[in-house]
Amino acid sequence: MKTSGRLDGLLFVLFFIIGLIACIWYLIRHDPGFLPLASEHGGFIDNLFVVTLIITGIVFILTHVLLVFFTFRYKGNGNGEKAFWYPDNKKLEIIWTIVPAVIIVALIVWGQVGWAKIFHTNPPDDAFVVEIVGEQFAWNIRYPGEDGEFGRTNPELITRTNPIGLDRTDPAAEDDIVVLNELRVPLDHPVLLKLRSKDVIHSVFLPNFRVKMDAVPGMTTTFSFKPTVEGEFDLLCAELCGLGHYRMRGYVVVQPMEELEVWLSEQREMN
Ligand SMILES: [Cu+2]
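Remember, predicted model here, so these are calculated numbers, not experimental data.

Procedures and definitions
- Residues numbered from 1 in each chain as written.
- Predicted model: local features only at pLDDT ≥ 70, side-chain atom pairs only at ≥ 80, totals over all residues.
- Heavy atoms only, no water.
- Helix = DSSP H or I, 4+ residues; strand = E, 2+ residues; numbered from the N terminus.
- Buried < 20%, exposed > 50% of the residue type's maximum accessible area, 1.4 Å probe, protein only.
- Donors = N, O, S within 2.8 Å, 3.2 Å for Na, K, Ca; no water.
- Tetrahedral: all angles 85-135°; square planar, octahedral: opposite > 155°, others 65-115°.
- Pairing = 2+ DSSP bridges.
- Axes fitted to C-alpha atoms, helices over the stretch in contact; angles between N-to-C directions.
- Contact = heavy atoms within 4.5 Å.
- Salt bridge = Lys/Arg side-chain N within 4 Å of Asp/Glu carboxyl O.
- Domains from an automatic or database assignment.
- Buried area = accessible area lost by both parts, 1.4 Å probe.
- Polar contact = N/O pair within 3.5 Å; in protein donor to acceptor, adjacent residues only side chain to side chain.

J.: Looking at this structure, I do not really get unusual backbone geometry. What am I missing?
T.: What is expected of a backbone is that most residues other than glycine have negative phi and most peptide bonds are trans. Going from glutamine 136 to phenylalanine 137, the amide bond is cis rather than trans, its omega being 0°. Inspection of the secondary structure assignment puts phenylalanine 137 in the loop between strand E1 (128-135) and strand E2 (138-143). We note that asparagine 181 has phi near 60°; this positive angle belongs to a residue other than glycine. In this structure, asparagine 181 sits in the loop between strand E3 (177-180) and strand E4 (182-186). Note on asparagine 181: relative accessible area 16%, which makes it buried. In this structure, arginine 210 takes a positive phi of about 55° despite not being glycine. With respect to the element layout, arginine 210 can be found in the loop between strand E6 (202-206) and strand E7 (211-215).

Set out below in structure tokens:
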């Protein structure tokens, strides 16, 4: 069995090198980048992802190169060698504990500070407010209308034509506009999303805007962001919410406020 140890080692090195090349080739072929960015805060999230990927990538490659090197360098030759007993090295252990700890804490603090800015900062009073009510398997999008106020809803009033159970006897509900799967938001203007769900947990996912937030039955969750690119984008559900989850898909239209107001008044006439 003299040669088998050597063969195993060579196979391992070969496996490692082929695997590494395959990973790099895959990354180059399939653009690992994010979808085009269309929101103000998204740049921070992208940077955080990229920096984390670079740091963990360097550590990944370094540790694996060392792993292969040591296995190869100190392999047995079948001559009955005894392993060298190396119980501990305080200095080395302190270094490899403190260095990763500092890097990880720095990443976490950076992430937390940025996230607090995105999530725990109150949106301005003139933010464009939209309500999204998830259901299996669609998004009901409600605009508050001219009064800027959402009217009362009542689950008992839910019908095919009144998917969120809007109580039209409430004066605030009179000008509310409810559309299906069509989220329109103004360009370069803060948007506040109010999310609810009629049945199970859904997750509002706007990949281009780096927005993802659960819509939970019985409560209202929020997310505010500022769209910075005009166009049409995806509105997806990121929570496996049932058999039709895959088709729970809407779209987002970002357009200048004036155009959006024209569209809203058209919808008001139809509603
Ligand atoms: Cu869903």
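J.: So what exactly am I meant to see when it comes to the coordination of the copper ion here?
T.: Tetrahedral coordination by four donors sets the ideal angle at the metal to 109.5 degrees; octahedral coordination by six donors sets it to 90 or 180 degrees. Every protein donor of the copper ion is accounted for by His202 (ND1), Cys237 (SG), Cys241 (SG) and Met248 (SD), and the metal-donor separations fall at 2.1 to 2.5 Å. Between the four donor atoms coordinating the copper ion, the angles at the centre fall across 90 to 125°, so the site counts as tetrahedral. In terms of primary sequence, the donors binding the copper ion are separated according to H-x34-C-x3-C-x6-M. We note that cysteine 241, like methionine 248, is buried.

J.: Is there a simple way to think about the sheet that holds strand E10 (residues 249-255) in this case?
T.: Note on sheets: strands pair through backbone hydrogen bonds, and any given pair is parallel or antiparallel. Here we have five strands laid out as an open sheet, ordered E4-E10-E9-E6-E7, and mixed in their pairing. At either margin of the open sheet sits one strand with a lone partner, and together these are E4 and E7. On average, adjacent strands in this sheet sit at an angle of 25° to one another, irrespective of strand direction. Here helix H4 (residues 257-270) sits on the sheet in contact with E4 and E10, set at roughly 140° to E4.

J.: So what exactly am I meant to see when it comes to the pattern of salt bridges here?
T.: Working definition: two side chains of opposite charge can pair if their charged atoms are close together. Counting across every chain of the model gives ten salt bridges. One salt bridge connects arginine 210 with aspartate 46, and the closest N-O pair in it is separated by 2.7 Å. In this pair, arginine 210 is assigned in the loop between E6 and E7 and aspartate 46 in helix H2 (residues 42-73), connecting sequence segments 164 residues apart. Arginine 210 gets classed as buried once you look at its relative accessible area, which sits at 11%. Given the relative accessible area of 11%, aspartate 46 is considered buried. Put simply, lysine 198 and glutamate 135 hold a salt bridge, and the shortest N to O gap is 2.8 Å. Linking lysine 198 in the loop between strand E5 (191-197) and E6 with glutamate 135 in strand E1, this pair joins segments that are 63 residues apart in sequence. Taking the relative accessible area as the measure of exposure, lysine 198 reaches 31% and is therefore partly exposed.

J.: In this structure, what is going on with the domain arrangement of the protein? I would like to understand it.
T.: Often the size quoted for an interface is simply the accessible area lost on bringing the parts together. Under the domain assignment, the protein is made up of domain 1 (2-77) and domain 2 (128-270). The C-alpha-based centres of domain 1 and domain 2 are spaced at 41 Å. In this assembly, eleven residues from domain 1 lie in contact with twelve residues from domain 2. Both faces combined, the contact of domain 1 with domain 2 buries some 900 Å², and carbon together with sulfur accounts for 52% of it. Taken together, the connections running from domain 1 to domain 2 amount to two salt bridges. Our enumeration of links across domain 1 and domain 2 arrives at ten residue pairs in polar contact (both at pLDDT 80 or more).

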